[in-house]
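Structural characterization, general
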Number of protein chains: 2
Amino acid sequence: MTTLADVAAKAGVSKSTVSRAFSRPESVRAETRGRVLATAHELAFTPNRIARSLAIGRTGSIGLFVPDIANPYFGPVIKTVQRNARRHDLTVFTADTDEHDEDEHALAQTMAQQADGLLLFSPRMSEAAILDLTGRLPVVVINRDIPGVPAVVIPSTDGMTQAVEHLAALGHRHIAYLSGPATTFSNRARRAAVLAATQRFGLQLTQLGPFEAVFTGGIRAGDLLIASGATAAIAYNDLIALGLMQRLTERGLRVGNDISVIGFDDIWLAPMTQPPLTTVRAPAAAAATSALRMLIDIMDGRADADRRPTPLASELMVRLSTGPVAR
Amino acid sequence: MTTLADVAAKAGVSKSTVSRAFSRPESVRAETRGRVLATAHELAFTPNRIARSLAIGRTGSIGLFVPDIANPYFGPVIKTVQRNARRHDLTVFTADTDEHDEDEHALAQTMAQQADGLLLFSPRMSEAAILDLTGRLPVVVINRDIPGVPAVVIPSTDGMTQAVEHLAALGHRHIAYLSGPATTFSNRARRAAVLAATQRFGLQLTQLGPFEAVFTGGIRAGDLLIASGATAAIAYNDLIALGLMQRLTERGLRVGNDISVIGFDDIWLAPMTQPPLTTVRAPAAAAATSALRMLIDIMDGRADADRRPTPLASELMVRLSTGPVAR
DNA sequence: ATGAAAGCGCTAACAT
DNA sequence: ATGTTAGCGCTTTCAT
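Because the structure is a prediction, the values reported are computed rather than measured.

On inspection of all chains with the given rule, the structure shows 9 aromatic pairs over all chains. When the centroid spacing of 5.5 Å and the interplanar angle of 70° are considered together, the rings of Phe22 of chain A and Phe45 of chain A count as edge-to-face. Placement of Phe22 of chain A in helix H2 (residues 15-23) and of Phe45 of chain A in the loop between helix H3 (30-42) and helix H4 (49-56) is noted, with a sequence separation of 23 residues between them. Judged by relative accessible area, which is 34%, Phe22 of chain A ranks as partly exposed. You can call Phe45 of chain A buried: its relative accessible area is 9%. Arranged with centres 3.7 Å apart and planes meeting at 20°, the rings of Phe93 of chain A and Phe93 of chain B form a pair that is stacked. Placement of the pair is Phe93 of chain A in strand E2 (residues 91-96) and Phe93 of chain B in strand E2 (residues 91-96), with the two residues belonging to separate chains. Per residue, the accessibility class of Phe93 of chain A equals that of Phe93 of chain B, and both read buried. One cation-aromatic arrangement involves Arg190 of chain A over Tyr236 of chain A; the distance from NZ or CZ to the ring centre is 4.5 Å.

Pasting the structure below:
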């Protein structure tokens, strides 16, 4: 491996000059700079980031934690964060926590030392664990509310209220909410919104679950839903809604006619299903962007600068998986 | 931030002892070790990985590059690699190259300095770029064939041959192949396999595309397929096949009856579609596991050790999107 | 504009 | 078993 010193020797200058030629080019005479850069190129030299990090105390990268990288919902999130970070010369390291609570903290600890900041999407780890991390480096959480920890939450109340209102307008009197992972912030928020709205619109609510936030969770939910007698269901997320539709269809029900289904997230698959899925569009990418901006502000010491998060809203996308109640 | 030195001072020992207490605990007297570890804990000290990396010349992490993190196909791949790497005390940094050829190399260059090895899945970057990387650190590529570069390829010939054979047996005489990204190794391999098999079984082959390897690519393919007059199509991957089915249905055709569709990958969605998708199961996770093993061998200097890759096979999963040719 | 030297936090011979 | 010392490759005062 070629180092600064090699280049310096060959170019007949000091290490400092080579260093400067890379980091503050204008501070070195054009001629010298040219010679240095040329020999650097000739020697195929690239500055060692590790050494650089040690010297300046920053790594130039951030960690992004998502609960399930296989969930189509997170694809756009990851891509968006990566694209925006790049503009700030930050590399993003994405880690999948796989809903695996203990590992999540261990992994975060590791990451905490090779990153300048952390973006935690729907973290499941304990509050204590998160507070521990925030003590070590800048952290912004998405979809979690912990006193003192900078956060962006994806709103669910407006969309969920619209969902219930929509079902009420279609004549449904008894609906079900299909819980996702029981203890998560997201599930609590969505369930509370549905509960409040059903009371407001005078609907009967049955709560089913919890179900894992995956397709097979929805499959399992199908039979429970039928047994419940509800004429419509609002699922924790689209993956569950998709599995649900599948199972209902297998059971001979026509989704959108005999029974209505609403999801949450609006993943790219949602408009493509048969029938297309009515769902709440949650602005995940926007939330992630907003969170990244906050994180960078904190990392740059602009801690209290414009810390008003971008106002976000969720919104019901009406498609064909919901229809007038069957009589 | 607390350092080794702080702990050493407070515990009344030298830095080396503290260092040893962490890295080779048995080499330090139990009593001393206890005292050191206690004060380390008390001071909330965690060894700085960056400094450690610089000193030992290894980072303890590897980079995993995938073309599209949003493709459900890669979810299991990423999870598998992460799980296996963890057993070797390696952290995995996943990067999405987003089919963005230039960036891919730049990102890889960056990663090359904070990782001990690289796993490149279906890389699109130039051969020169890959060779450049292999000169810097251990690299294993998946689904690409470059002389001198360790590789694992996911077989497509057997599965594709079975696919064509299957269609021939169903009475199809004219089929279409829907190309993915034109220049990729994977597309060339799959197309060649289909071509050879159609010749062998005496079928007429129409080649359509190239299409982007996403759902909307398949949508666009639908009308072209109908115009071609073929009675069945084999798509580059499942995402294209899904979009295709969607469009064919919109055009009033009954997939599996009026026209047959075969995909490639066998993503988790494939059995869930209406009708369930006949597709070639490609052992991506197994390939990734095998590639990781090779990478670790190379990193550990066991370069030429058991370098026989695990034999892999692809296999047709027959479902309902294929059926006897309509007469 | 350039150089010399100290130091980032850790590890690894080499001593003792 | 523990301490001393010299780096790992880079940045950054402080001189010149």
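Here we take up the protein's contact with DNA strand C. As a matter of local geometry, DNA strand C sits amid 25 residues, with Thr17 and Thr32 of chain A together with Leu4, Ser19 and Arg52 of chain B nearest to it. Sugar and phosphate atoms form 60% of the subset of DNA strand C atoms that lie within 4 Å of the protein. Here a phosphate oxygen of DNA strand C sits 2.7 Å away from a polar atom, N or O, in the main chain of Ser14 of chain A. Contacts to DNA strand C include Ser16 of chain A, whose side-chain N or O atom sits 2.9 Å from a base nitrogen. Secondary structure elements with two or more residues in the surface near DNA strand C: H2 and H4 of chain A together with helix H2 (15-23) and helix H4 (49-56) of chain B. Taken together, the residues of the surface near DNA strand C break down into 10 nonpolar, 10 polar and 5 charged.

On to the packing of helix H5 (residues 74-87) of chain B against helix H12 (residues 284-299) of chain B. Residues and elements named next belong to chain B. Contact geometry of H5 with H12 gives a least axis separation of 9 Å together with a crossing angle of 35°. For the element pair H5 and H12, the recorded crossing hand is right-handed. Counting all contacts with H5, which are made through Val77, Thr80, Val81, Asn84 and Ala85, the residues of H12 involved are Ala284, Ala285, Ala288, Thr289 and Leu292. When the residues that make up the contact of H5 with H12 are grouped by side-chain class, the tally is 7 nonpolar, 3 polar and no charged.

For the rest of this paragraph, the subject is the protein's contact with DNA strand D. Around DNA strand D, the structure places 24 residues, and the nearest of them are Leu4 and Arg52 of chain A together with Ser16, Thr17 and Thr32 of chain B. Here the atoms of DNA strand D within 4 Å of the protein split so that 60% fall in sugar or phosphate, with bases taking the remainder. In this structure, Ser19 of chain A approaches DNA strand D through a side-chain N or O atom, which is 2.6 Å from a phosphate oxygen. Measuring from a phosphate oxygen of DNA strand D, one finds a backbone N or O atom of Arg29 of chain B at 2.7 Å. Breaking the surface near DNA strand D down by element, the ones donating at least two residues are H2 and H4 of chain A together with H2 and H4 of chain B. If one sorts the elements of the surface near DNA strand D by residue count, H4 of chain A sits on top with 4 residues. Broken down by class, the residue content of the surface near DNA strand D amounts to 10 nonpolar, 10 polar and 4 charged.

Our next topic: helix H7 (residues 127-136) of chain A. Residue and element names in this part refer to chain A. Taken together, the buried positions of H7 are occupied by Ala129, Ile130 and Leu133. Buried positions in H7, seen along its axis, are confined to an arc of 95° and lie on one side of it. Exposed side chains of H7 directed beyond 90 degrees from the buried face belong to Ala128 and Gly135.

What follows concerns the relation of the copies chain A and chain B. When chain A is fitted to chain B, the residual RMSD is 0.1 Å, and the transformation amounts to a turn of 180° plus an axial shift of 0.0 Å. Taken together, the turn and the small shift mark the pair as related by a two-fold rotation axis. Comparing contact sets, 100% of the residues at the interface of chain A also lie at the interface in chain B, consistent with an isologous, same-surface contact.

With that out of the way, let us pick up the interface of chain A and chain B. Residue-level contacts link 41 residues of chain A with 41 residues of chain B. For the pair chain A and chain B, the two sides together bury roughly 3,900 Å², of which 61% comes from carbon and sulfur. By the criterion of area lost to chain B, the three top residues of chain A are Ile50, Lys79 and Gln113 of chain A, representing 16% of everything that side buries. The interface formed by chain A and chain B includes 4 salt bridges. A salt bridge links Asp96 of chain B to Lys79 of chain A, with the shortest nitrogen-to-oxygen separation between them at 2.8 Å. Our count for the chain A to chain B interface comes out at 8 residue pairs in polar contact (both at pLDDT 80 or more).

All right, on to the sheet that holds strand E11 (residues 315-317) of chain B then. Residue and element names in this part refer to chain B. With respect to topology, 6 strands assemble into an open sheet ordered E7-E6-E8-E9-E10-E11, the strand pairing being mixed. The open sheet has two edge strands, strand E7 (204-208) and E11, and neither has a second partner. Taken over all neighbouring pairs, the strand axes of this sheet differ in orientation by 20° on average, direction set aside. One ladder, built from 3 bridges, connects strand E8 (residues 232-235) with strand E9 (residues 260-265); its direction is parallel. Along E9, the bridge assignment pairs Ile234 with Ile262. Packed on one face of the sheet, helix H11 (residues 238-250) meets strand E6 (174-178), E8, E9 and strand E10 (278-281) and runs near 155° to E9.

Our focus in this paragraph is unusual backbone geometry. Residue and element names in this part refer to chain A. Here the amide bond leading from Gly209 into Pro210 is cis, since omega sits at 5°, within 30 degrees of zero. Inspection of the secondary structure puts Pro210 in the loop between strand E7 (204-208) and helix H10 (215-228). For Ala44, which is not glycine, the phi torsion reads 55° and is therefore positive. On the secondary structure map, Ala44 appears in the loop between H3 and H4. Exposure remark for Ala44: the relative accessible area of 48% places this residue in the partly exposed category. Phi is positive for Asp266, which is not a glycine, with a value near 65°. Secondary-structure assignment places Asp266 in the loop between strand E9 (260-265) and strand E10 (278-281). Judged by relative accessible area, Asp266 falls into the buried class, the value being 15%.

What counts and what doesn't
- Residues numbered from 1 in each chain as written.
- Chains lettered and ligands numbered in written order.
- Predicted model: local features only at pLDDT ≥ 70, side-chain atom pairs only at ≥ 80, totals over all residues.
- Heavy atoms only, no water.
- Phe/Tyr/Trp six-rings, centres within 6.5 Å; stacked < 30°, edge-to-face > 60°.
- Helix = DSSP H or I, 4+ residues; strand = E, 2+ residues; numbered from the N terminus.
- Buried < 20%, exposed > 50% of the residue type's maximum accessible area, 1.4 Å probe, protein only.
- Lys NZ or Arg CZ within 6 Å of the ring centre and 35° of its normal.
- Near = heavy atom within 4 Å.
- Polar contact = N/O pair within 3.5 Å; in protein donor to acceptor, adjacent residues only side chain to side chain.
- Nonpolar A, V, L, I, M, F, W, Y, C, P; charged D, E, K, R; others polar.
- Axes fitted to C-alpha atoms, helices over the stretch in contact; angles between N-to-C directions.
- Left-handed = near helix turned anticlockwise from the far one by under 90°.
- Contact = heavy atoms within 4.5 Å.
- Arc of directions from axis to C-beta.
- Least-squares fit on C-alpha atoms with pLDDT ≥ 70 in both.
- Buried area = accessible area lost by both parts, 1.4 Å probe.
- Salt bridge = Lys/Arg side-chain N within 4 Å of Asp/Glu carboxyl O.
- Pairing = 2+ DSSP bridges.

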